Amino acid sequence: MQKTVTTNSKGKAITMNGIVMALYLGLTILVAPVSSGPVQFRISESLNHLVVFNRKLMWGVLGGVVVYNFFFGFGAIDALYGGLQSFISLGLTALLHKRVPNVIARLALNTVFFTATMCIIAFMLAPNGGAAFWGNYATLALSEFATMAVAAPVMYWINKSVHFEKRL
């Protein structure tokens, strides 16, 4: 009987992460003209906040980023850099889950993590640095901050009904 519970639990985690990944892809494709490049407004970035509520959903978000960037972005290099940026930001938020019990504080920190790490994407777009790097970083960080800041209260409100923390 114990194996059934473990198998069902793992299956549920895989299924939920698959749904999150599909949502990420769908939402990113929906706004495809502005979802890549030096200015990015990805509605799907709101899903980054799922990790604030449930660390186990990190893999679905990360998978969505990598798959979108590989097939619809700038290819393997974009999947690598975008995946690294998301992994670092999501990982930092996941690590703080127990250390920062206040959900609103974690939402704010998650927004800061994603905004700050956009330097990784700016480096991918302008590897030689200089004005191109700083210009890209400014527009990327601003667009990421705007998306994440608007999404934070929305995800907080959705969580009140859905209870992401209890989904896995």
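Sequence positions are assigned chain by chain, starting from 1 and proceeding in written order. Local features in this predicted model are restricted to residues of pLDDT 70 or higher, and side-chain atom pairs are both shown and tallied only at a pLDDT of 80 or more, whereas totals for entire chains, interfaces and linings draw on every residue. Side-chain calculation: all heavy atoms of the structure are included, whereas hydrogens and water are not.

- As named in an unreviewed UniProt entry, the chain is QueT transporter family protein, taken from Candidatus Enterococcus lemimoniae.

Brief notes about the overall build of the chain
At step 1: Runs of E in the DSSP output that reach at least two residues are strands. Runs of H or I that reach at least four are helices, and both are numbered from the N terminus. The secondary structure content of the chain amounts to seven helices and zero strands.
At step 2: N-terminal to C-terminal, the α/β element order of the chain is α-α-α-α-α-α-α.
At step 3: The quantity called the radius of gyration is restricted to C-alpha atoms. Its globule counterpart is 2.2 Å times the number of residues to the power 0.38. At 16 Å, the chain has a C-alpha radius of gyration in line with the 15 Å of a compact globule built from 168 residues.
At step 4: C-alpha extents for the chain along the principal axes are approximately 60 × 35 × 25 Å.
At step 5: Three labels apply to residues, based on accessible area from a 1.4 Å probe with only protein chains included: buried if under 20% of the type maximum, exposed if over 50%, partly exposed otherwise in between. With 168 residues in all, the chain has 43% of them scored as buried.
At step 6: Long-range pairs, those at least 24 residues apart, make up 69% of the contacts in the chain between residues at least 6 apart in sequence.
At step 7: When charges are counted, Lys and Arg are positive and Asp and Glu negative, with His and the chain ends excluded. Charge placement uses NZ in Lys and CZ in Arg. For Asp and Glu, CG and CD serve respectively. Both charge centroids of the chain, one from 12 positive and one from 4 negative side chains, sit 17 Å from each other. Whether two residues touch is decided by their heavy atoms; if any such pair falls within 4.5 Å, the residues are in contact.

Topic: the UniProt feature "transmembrane region" (unreviewed entry) in the chain
At step 1: UniProt positions are given in the numbering used here, feature names are shortened, and annotations may be inferred rather than shown by experiment. Summarizing the sequence annotation, UniProt attributes the feature "transmembrane region" (unreviewed entry) to residues 60-82, 103-125 and 137-158 in the numbering used throughout.
At step 2: End-to-end, the C-alpha atoms of residues 60-82 are 14 Å apart, and along that stretch the chain is 83% helix and 0% strand.
At step 3: Between the C-alpha atoms that bound residues 137-158 there is a distance of 30 Å. The span itself is 100% helix and 0% strand.

Details of a nonpolar patch on the surface
At step 1: A contiguous nonpolar surface patch, about 580 Å² in accessible area, is contributed by W59, L84, F87, I88, L92 and L95.
At step 2: If you tally residues by element for the nonpolar patch, the top one is helix α4 (residues 76-95), at five residues.
At step 3: Of note, L95 is situated in helix α4. To count toward a patch, a residue needs a relative accessible area above 30% and no salt bridge. Like charges then connect within 9 Å, nonpolar side chains (Val, Leu, Ile, Met, Phe, Trp, Tyr) within 5 Å. The Shrake-Rupley method, run with a 1.4 Å probe, gives the accessible areas here. Residue values count only the displayed protein chains as cover. Any Lys or Arg side-chain nitrogen found within 4 Å of a carboxyl oxygen on Asp or Glu counts as a salt bridge.

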